[in-house]
Amino acid sequence: MRITRVRRRWLPAVVGGLALLVPAVANAASFGAPVGYPTGGIRPTSLATGFLNGDSSMDVAVANTNSDSVGILLGNGSGGFGAPTTLAAGDEPMSVAAGDLDGDGDPDLAVANRLTHDVSVYLGNGAGGFGAAVSYAVGNQPHAVAIGDVDSDHNADLVVANRVSDNVSVLLGDGLGTFGHRTDFPAGDGPYALALGDIDHDSDLDVVVAAFEADQVTVLHGDGSGGLGMPDLYTAANGPQGVALGELKEDGHVDIAAANFFADLASVFIGDGSGDFSPRTNYAGGDGPKSIAIGDLDGDGHSDLAIAASESDTVSVLAGDGAGGFGAPQAFPAGDNPSSIAIAQLNGSGGLDIVVADRFGETVSVLLNGSAPPGDTTAPVLSLPGTITVNATKPSGAVVSYTVSATDNQDATPTVSCSPPSGGTFAIGTTAVGCTATDDAGNVSAGSFNVVVRGAPEQLVDLIDKTLAVKGLGPVSPGLRSQLQTVFTCVVQRSPRLACLGLDLYVFAVRLASTVRWISTSQMNSLVADAQRIKAVIGC
C-alpha cells in the first residue's frame, strides 16, 4: 500500500517576470444550479462525452467504480439525460474514454479496470447500444485510459496509465476494434491521469501524465510509430490527479493544466512548441481538485479552466486572459464529491456547459451555461503589482501583503477579489495570485501576478556574497565562505541537522570577529540576522 507524503522541496523552481497585462473579460462565466441524473451504479468516478446514439445531442458514459459497470446516459438536446442503461465492466472501472475504435464512424468505449488490470473495449452500434466487452491486459492497477492514433496509421490506439506499475501501456489498434499486446513505457511515480496531444509540432501524438505519487507532470514524446521516449519531469504541486492540454497562451503551442488534490491548486505549464514547458505557475483551484478541463466558458474567446473541486462539492471556473494567466476561481455548486469533469455543448444554446461525475452522489451533475447580463458590458480595469519577491522566514514560506485596486466607468466601487489573499502565508517558490474585479453589472476583468518566496538555497547565496563584501573579515572570509557552501550542500541534499550545525558555527565565528573588533557591531548583527532567518526557514 502506498502512502502519499507531503514533500518539502528545498530548491523550488522560480518564475520571474512582470505582472501580466490582462485584457478585460466582458462577462463572468455564469452557470445554472446543478441538475443531477442517476448513473445506474455506485461511485461514478470518471465520465466521457460523445454522440453515442448518432443524433445531435451530447451523451455521457460513466465508469461506476463500486458496481463494476458503465452507465450510458443519452442526452435529450435540452441539457438533460434519460434513464441510464448499464454495461458490465471489469473489477473497479476507474476511467472511460469514447472514440471510434473500429473505423465505422460510431463512437466506441474503452474502460480501465483497476483490480482486473485490464482495459475493456465496447464497440458501439451507433444507436446508443454496445457489444460485449473484450478485455486486454495492461499494467498494474490502470487508473486512466485515452484514445488516439499514436502510431500514425490512422487507426485508433489505446494509452493506459497504470498507477502501481508506474508506467503507461500502449495498445496499437488494427482499425477493426482489435488491439495488439501492450508495450509499457516508464511514466513517473503513480500515474493517475493522462492526456494526448502533439506538444512539439511533429504531427506525432505525445503523452502527458499526472504522476500523483511524485507530485510531477511527466511528458513522454511519441515517435509516430507507437513508441514513447523517456519521461521529461516537471514539478507540479502536491497530489496531481487531473491533467488537460490546450492553448492557454494563444501563441499556437500546446500548454498543460494540472489539478493538484492535496495542494488545492491548479498548475499551468506554458509550452514553447518544441516540447518543453515552463516551470509551473499555481492558481487557487478550490478544495480538493481532482479533475480539470479546458474551454471558453465565458464567451470571450480565451480558454478558461474548469475544475472538479471534490471536497467542497463545487466546480471552480478560472477565467483565462489569453496570455496564459487566470483570475480567481468562481465556485459553482455541483453534486456530492465531483470527481471527473467535462466541457461540452449540451443544450444547443451556443455556450459551453459543464458535466461532472458525482462520486458519492451516484449522479452526473449538469451545469448549463447562463447568458450574459444586459446593460453595461464594460469591465473594470485592474491595477496589479509586478512580481513580488520576498525571503522565506519559516519552513512554510512567508507572510506577504499586497495591494490590488480597480476602476470602472460606471461603478465607483467595483469588487476586487484575489486568491491567495493578501496577508496570508505564501509557500516557498512561485505562486500566482489570481484577481478579479466585478462591477455591479456583473462584468469581470481578471489578471494575475507572481509572488516569489525565496527559500534557503537562494538566501544562502546572498549571505555568501554579503560575507565576502565585509572587508574586516578578510582573513577569515575564505573559511566562512567554505562553511556556508557546505551548509548550502546540506540544504540541497536535505540534511537539515548538519545545515543547522554549520550555521551555528558561522554565527559563532561572526560574533567572534566582532568581539576582536574586526567588524562592527552593526555588521555583525546584519550577518547574524540573515543566518538566523535561514535557520528558521530550514526548521532548526
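Scroll up a little and you will see the structure.
Undergrad: Outline the state of the cysteines, supporting the account with residue identities and numerical values.
TA: For the coordinates displayed, the defined rule picks out two disulfides. Between the sulfur of Cys500 and that of Cys540 lies a disulfide, 1.8 Å long from S to S. Across the disulfide from Cys500 to Cys540, rotation about the S-S bond amounts to roughly -95 degrees, and the bridge is consequently left-handed. Separated by 40 residues along the polypeptide, Cys500 in helix H3 (residues 496–515) and Cys540 in the segment after helix H4 (521–538) bring together distant segments of the chain. Among the residues examined, Cys500 registers a relative accessible area of 11% and is labelled buried. Take Cys490: it sits in no disulfide, and the sulfur closest to it among the cysteines is that of Cys500, at 9.6 Å. Of the residues examined, Cys490 reaches a relative accessible area of 11% and is grouped as buried.

Undergrad: Talk me through helix H2 (residues 477–492); I want residue IDs and the actual numbers.
TA: Compared with the 22 Å implied by 1.5 Å per residue over 16 residues, the 23 Å span of H2 between its first and last C-alpha is a close match. Here H2 has its buried residues at Ser477, Leu480, Leu484, Val487, Cys490 and Val491. Projected down its long axis, H2 carries its buried residues within an arc of 145 degrees, all on one side. Contact partners of the buried residues in H2: helix H1 (456–468), H3 and H4. Arg494 sits one or two positions beyond H2 and adopts a positive phi of about 60 degrees.

Undergrad: Describe the packing of aromatic side chains, and please don't skip the residues or the numbers.
TA: Tallying each qualifying case throughout the model produces 10 aromatic pairs. With a centroid separation of 5.7 Å and an interplanar angle of 80 degrees, the aromatic rings of Tyr136 and Phe179 are classed as edge-to-face. Of this pair, Tyr136 sits in strand S10 (residues 134–137) while Phe179 sits in the loop between strand S13 (167–171) and strand S14 (183–186); the two residues are 43 residues apart in sequence, bridging distant segments of the chain. For the residue pair Tyr136 and Phe179, the accessibility class agrees, reading buried in each case. An aromatic cluster of three or more residues is present, and its members are Tyr192, Phe212, Phe261 and Phe262. Positioned above the aromatic ring of Phe261, the side-chain terminus of Lys290 is 5.2 Å from the ring centre.

Undergrad: Got a sec to walk through the pattern of salt bridges? Specific residues and values, please.
TA: Here the structure, examined in full by the defined rule, presents eight salt bridges. Asp184 is paired through a salt bridge with Arg182; the nearest N and O atoms lie 3.0 Å apart. Using a relative accessible area of 30% as the deciding quantity, one classes Asp184 as partly exposed. We classify Arg182 as partly exposed; its relative accessible area is 23%.

Undergrad: Please provide a residue-by-residue account of H4, values included.
TA: Between the first and last C-alpha of H4 there are 26 Å, a value that for 18 residues agrees with the 26 Å anticipated at 1.5 Å per step. Those residues of H4 not exposed but buried are Met524, Leu527, Val528, Asp530, Ala531, Ile534, Lys535, Val537 and Ile538. Those residues of H4 hidden inside the fold are in contact with H1, H2 and H3. Of the residues one or two after H4, Gly539 is the one with positive phi, at around 100 degrees.

Undergrad: How would you summarise the sheet that holds strand S22 (residues 281–284) if you had to cite specific residues and measurements?
TA: Hydrogen bonds between backbone groups are what pair the strands of a sheet, and the pairing can be parallel or antiparallel. Pairing within the open sheet is antiparallel, and its four strands lie in the order S19-S20-S21-S22. Sheet topology places strand S19 (240–246) and S22 at the edges, where each strand pairs with a single neighbour. Neighbouring strand axes in the sheet, compared pairwise and without regard to direction, differ in orientation by 25 degrees on average. In this structure, S19 lies alongside strand S20 (residues 255–260), joined through six bridges in antiparallel fashion. Looking at S20, one finds that Val243 is bridged to Ala258.

Undergrad: Can you explain unusual backbone geometry? Please cite residues and give values.
TA: A cis amide bond, omega 0 degrees, links Ser419 with the succeeding residue Pro420. Mapped onto the fold, Pro420 is located in the loop between strand S34 (415–419) and strand S35 (424–426). Even without glycine at this site, Glu362 takes up a positive phi of about 55 degrees. Of note, Glu362 is situated in the loop between strand S28 (353–358) and strand S29 (363–367). For Glu362, a relative accessible area of 23% puts it in the partly exposed group.

Thresholds applied
- Residues numbered from 1 in each chain as written.
- Predicted model: local features only at pLDDT ≥ 70, side-chain atom pairs only at ≥ 80, totals over all residues.
- Heavy atoms only, no water.
- Disulfide = S-S within 2.5 Å.
- Helix = DSSP H or I, 4+ residues; strand = E, 2+ residues; numbered from the N terminus.
- Buried < 20%, exposed > 50% of the residue type's maximum accessible area, 1.4 Å probe, protein only.
- Expected span 1.5 Å × (residues − 1).
- Arc of directions from axis to C-beta.
- Contact = heavy atoms within 4.5 Å.
- Phe/Tyr/Trp six-rings, centres within 6.5 Å; stacked < 30°, edge-to-face > 60°.
- Lys NZ or Arg CZ within 6 Å of the ring centre and 35° of its normal.
- Salt bridge = Lys/Arg side-chain N within 4 Å of Asp/Glu carboxyl O.
- Pairing = 2+ DSSP bridges.
- Axes fitted to C-alpha atoms, helices over the stretch in contact; angles between N-to-C directions.

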